[in-house]
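Coordinate analysis (summary)
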Amino acid sequence: MASEKSSITSILIIYTGGTIGMVQHLESGTLAPVKFDQILKEVPELNKFNYNIQTVIFNPALDSSNMNPSVWIKIALTIKKNYNNYDGFVILHGTDTMAYTASALSFMFENLDKPIIFTGSQLPIGTIRTDGKENLITSVEIAAAKEGGKSKVPEVCIYFDFKLFRGNRTVKSDSEQFSAFHSVNYPALAVAGVDIRYSSEFIYHSENKGILKVNTRFDDNVVILKMFPGISERVFKSILDIPGLKGIVLETFGSGNVPTTQWLINCIKRAIKKGIVVLNITQCEGGRVLMGQYETSLELLNSGVVSGKDMTTEAAITKLMFLLGQGLSTNEIKIYLNKSLRGEISE
Ligand code: ASP
């Protein structure tokens with residue numbers, strides 16, 4: 001399967017599942033994954049690239065709602081195993097949790113200097129109006145793109161509907177339109193029209209130039225707790241009291257605000273005292289957490305809640321699981337959460 005390195009550009013497509021490769025069951029009408037070979041047959045245009053394109057097929061192919069850290073690790077290890085034999089990687093993945101997987105992978109890789117491009121589609125590739133063909137063809141072209149012998153986009157990205165985004169800055173925002181993803185707090189890395197126009201100034205380049213390293217440990221003792229007006233003490237407290245809980249992504253209002261009710265602040269203080277890491281992420285798509293701007297966030301700041309700044313929830317929860325898995329001290333975890341590791345935060 002892995003090719004010998006030659007002067008021909010080599011791209012590895014890893015098919016994990018998703019609508020791009022699904023067919024409709026006649027009786028139930030539900031969509032379920034099919035064999036990947038059929039996908040490549042649907043896109044003969046790929047043969048016109050003068051690339052060596054190889055594939056790895058995950059069995060079973062997954063609806064991305066069934067993704068979890070063990071599959072993230074499987075994807076990362078497949079890339080690691082093939083890293084030296086390919087110029088770039090295209091990951092076909094369901095759209096539902098693509099932003100989580102792309103975020104998780106961005107944290108797992110150290111010293112990445114090749115593109116890892118996630119894509120998928122809203123309509124299966126065999127359907128006449130599918131968006132899957134364009135998404136796949138352009139992802140392959142981006143994964144192969146080089147300048148001065150180096151990859152143009154050596155980071156984990158999502159390509160969808162003519163736009164290339166940083167993976168850990170992207171959210172799925174539409175389940176019907178072809179423009180399923182967007183990135184509010186960070187510009188597109190490239191836009192595909194007649195030409196593919198890259199915005200080089202926004203592309204992330206790994207600072208260290210050592211050999212590729214993949215960190216494969218995650219800790220799932222975490223929760224996302226979304227605030228809403230009227231949340232009860234009973235519910236809030238029972239979540240914070242989950243046995244073994246180590247980290248909370250607290251989805252707050254606006255620039256990081258919560259009700260000033262004393263029981264809520266006391267619950268948070270108690271959790272932090274127990275060593276639970278509380279990360280403040282805004283429910284707003286755009287903007288950032290600024291604790292202390294309002295009275296309703298000052299107590300969070302004083303209690304030791306960490307600001308997630310402008311991280312997406314997808315980046316926040318995967319980063320928290322990743323950092324908790326690395327055997328770091330609580331203090332180190334807090335420091336890393338608050339700063340950009342792979343371009344997921346605007347400083
Ligand atoms: N449910 C599908 C998935 O995430 C949706 C898609 O691929 O667009 O696997």
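Residues numbered from 1 in each chain as written. Predicted model: local features only at pLDDT ≥ 70, side-chain atom pairs only at ≥ 80, totals over all residues. Heavy atoms only, no water.

1. Some remarks on the sheet that holds strand β4 (residues 52–62)
Ordered in space as β4-β1-β5-β7-β10-β11-β14-β15, the 8 strands form an open sheet in which the pairing is mixed. In this open sheet, the two strands that pair with only one neighbour each are β4 and β15 (196–198). Across the sheet, the mean angle separating the axes of adjacent strands is 20° when strand polarity is ignored. As defined by bridge partners, strand β14 (residues 190–192) adjoins β15 across 3 bridges and the pair is classed as antiparallel. When the sheet's bridge partners are listed, Ala 190 is paired in β15 with Tyr 198. Running over the sheet, helix α3 (residues 98–108) touches β7 (116–119) and β10 (156–160) and is turned about 155° from β10. Helix α4 (residues 132–144) contacts β1 (10–17), β4, β5 (88–92), β7, β10, β11 (163–166), β14 and β15 of the sheet and is inclined by roughly 155° relative to β5. (Pairing = 2+ DSSP bridges. Helix = DSSP H or I, 4+ residues; strand = E, 2+ residues; numbered from the N terminus. Axes fitted to C-alpha atoms, helices over the stretch in contact; angles between N-to-C directions. Contact = heavy atoms within 4.5 Å.)

2. What to know about the nonpolar core
With 55 residues, the main nonpolar core has Ile 79, Leu 105, Phe 109, Ile 116 and Phe 118 as its most contacted residues. With 8 residues, helix α8 (residues 313–324) is the largest single contributor of residues to this core. Among all residues touching Leu 105, those that are not within four sequence positions of it are Trp 72, Ile 75, Ala 76, Ile 79, Phe 118 and Val 156. Residues Val 90, Ala 143, Leu 164 and Leu 189 belong to the second largest nonpolar core, which totals 28 residues. (Core = buried A, V, L, I, M, F, W, Y, C linked by side-chain atoms within 4.5 Å. Buried < 20%, exposed > 50% of the residue type's maximum accessible area, 1.4 Å probe, protein only.)

3. Some remarks on the pairing of strand β19 (residues 277–282)
Counting buried positions over the 6 residues of β19 gives 6, a clear majority of the element. Side-chain alternation along β19 places Val 277, Leu 279 and Ile 281 on one buried face and Val 278, Asn 280 and Thr 282 on a second face that is also buried. Pairing of strand β18 (residues 247–252) with β19 involves 6 bridges; the strand directions are parallel. Paired with Thr 252 across the bridge in β19 is Thr 282. In this fold, the crossover linking β18 to β19 by way of helix α6 (residues 262–273) has right-handed handedness. (Right-handed = clockwise from strand over helix to strand, strands pointing away.)

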